[in-house]
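Listed below, chain by chain, are the residues.
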Amino acid sequence: MAGLATAGALTAISAEKAAAQAASDSVLRTALDRGKLIVGTGSTNAPWHFENDAGELVGMDITMGRILAKGLFDDATKVEFVTQDPAQRIPNVTTNKVDITIQFMTMTAQRSQLIHFSRPYYVEGVALLTLPGSENKTFDKLLANGANTRISILQNVDAESSVHFALPQAQVMQIDTQANVLQALESKRVDAAAVDLSTVRWLASRNPDKYFDAGKSWYSMLYGAAVRQGDLDWLTFVNQTFTIAMFGHETALYDAAFKEYFGQEPPPRHPGFPVI
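Model, not experiment: these values are computed from the prediction.

Here is what the cut-offs are and how they apply
Numbering of residues starts from 1 in each chain and follows the order in which that chain's sequence is written. Local features in this predicted model are restricted to residues of pLDDT 70 or higher, and side-chain atom pairs are both shown and tallied only at a pLDDT of 80 or more, whereas totals for entire chains, interfaces and linings draw on every residue. Side-chain calculation: all heavy atoms of the structure are included, whereas hydrogens and water are not. For cavity detection a 1 Å grid was placed over the protein atoms alone, and a set of points counts as a cavity when a 1.4 Å probe fits there but cannot get out; an open set counts as a pocket when protein lies on both sides within 12 Å along at least five of seven lines, with lining residues being those that have an atom within 4 Å of a point. Grid points are joined across faces, edges and corners, and a volume is the space filled by probe spheres set on the points. Per the convention used, a helix needs a DSSP run of H or I reaching at least four residues, while a strand needs a run of E reaching at least two, with both numbered from the N terminus. Think of it as three bins: nonpolar holds Ala, Val, Leu, Ile, Met, Phe, Trp, Tyr, Cys and Pro, charged holds Asp, Glu, Lys and Arg, and polar takes everything else, Gly as well. For each residue, the accessible area found with a 1.4 Å probe, counting protein chains only, is set against the maximum for its type, and the residue is called buried under 20%, exposed over 50%, and partly exposed in between. Starting at the helix axis, one direction is taken to each C-beta atom, and the arc is that of these directions. We call two residues contacting when some pair of their heavy atoms lies within 4.5 Å. UniProt positions are given in the numbering used here, feature names are shortened, and annotations may be inferred rather than shown by experiment. Definition of nonpolar core: a set of buried residues of the types Ala, Val, Leu, Ile, Met, Phe, Trp, Tyr and Cys, connected through side-chain atoms within 4.5 Å. Between any two strands, pairing holds if DSSP finds at least two bridges.

**Comments concerning the layout of surface pockets**
Any empty space left between the atoms is revealed when a probe the size of a water molecule rolls over them. Of the volumes computed, that of the second largest pocket is approximately 890 Å³. L154, Q178, V195, D196 and M221 are the residues nearest the centre of the second largest pocket, which is lined by 31 residues in total. When residues in the lining of the second largest pocket are grouped by element, the largest group, 4 residues, is from helix 9 (residues 197-206). Split by residue class, the lining of the second largest pocket holds 17 nonpolar, 9 polar and 5 charged.

This is the structure we're talking about:
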């Protein structure tokens, strides 16, 4: 009960007092003084950031922004989302146009020279989308079919090697747009489409009569939020808030979004040895 009592006592600290403890130029102090969080993100990429039927901005990235607002103000609505082109994800942070970018951003050593990344909030990968009525809808069947297996993938320099990592003998069809990658599958010109794991889970969970998750993923890529370098007060707050939302005692927002956008329950967290 000592831990609960301490946590309860800490909630009595006002936002003003919390802000006063941060460095004078920290985004933590700026956001608290302003009374809202400003998040740079996108608006056209489900399940990460997109508009629902009511015209509201939703998605996993949007939820992560609301988690931060909840941590700052005990109010998940106190956040302004600034839609930006992916090319502006880093510039808008470094020029203070936004407090943080949360926009399905892959963590790399090169990008880390320009901004600080938060702790990862999702592990992306390459996965295989198939048709539910197909004889070769599972990864095992695709693999066993050898050179007769046909895979569509978005055209890029690593397309062949990416597919052949999982399916060494497969025929690879490189296609110009993601929509056409999926269309090749729907028209049965290929047996599977190699796309992001999050895309597979989103489409298969929302349209089970149209798409099937073949059950294979590879090439882990970490998604993290981007903050301005040198602001350790803000970075520490973001990291701790994300950790609490994913592994601590306030997981409701993260869990609901994970199920909504990926069609899966998060793995159970067990008290005891930390696995974060």
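**Here's the deal with helix 11 (residues 252-262)**
Taken together, the buried positions of helix 11 are Y254, D255, A257, F258, Y261 and F262. Here the buried residues of helix 11 occupy an arc of 165° about the axis, which is enough to place them on one side. Where helix 11 is buried, its residues touch strand 3 (49-51), strand 4 (57-58), helix 4 (60-73), strand 8 (122-130), helix 9 and helix 10 (232-247). Downstream of helix 11 by a residue or two, G263 has a phi angle that is positive, lying close to 70°.

**Some details on the UniProt feature "domain: Solute-binding protein family 3/N-terminal" (unreviewed entry) in the chain**
Residues annotated by UniProt as "domain: Solute-binding protein family 3/N-terminal" (unreviewed entry) correspond here to residues 36-265. Secondary structure content for residues 36-265 is 34% helix and 26% strand, and the end C-alpha separation is 30 Å.

**Quick look at the nonpolar core**
Core analysis: the biggest nonpolar cluster contains 57 residues, and L72, I100, I102, Y121, W234 and F242 have the highest contact counts within it. The element that contributes the greatest number of residues to this core is helix 4, accounting for 8 residues. Residue contacts for I102: discarding those within four places in its chain leaves V39, G40, T41, D61, M64, G65, L68, Y121, A225 and F242. F139, L142, A159 and W218 belong to the second largest nonpolar core, which has 16 residues in total.

**Regarding the pairing of strand 1 (residues 37-41)**
The buried count for strand 1 comes to 5 of 5 residues, which makes it a mostly enclosed element. Burial of the side chains of strand 1 extends over both faces: L37, V39 and T41 are buried on one face and I38 and G40 on the other. Where strand 1 and strand 5 (residues 79-83) come together, 5 bridges link them in parallel fashion. Residue pairing for strand 5: I38 is matched across the bridge by E80. The pairing of strand 1 with strand 6 (residues 100-101) spans 2 bridges and is parallel. Looking across to strand 6, one finds that G40 is bridged to T101.

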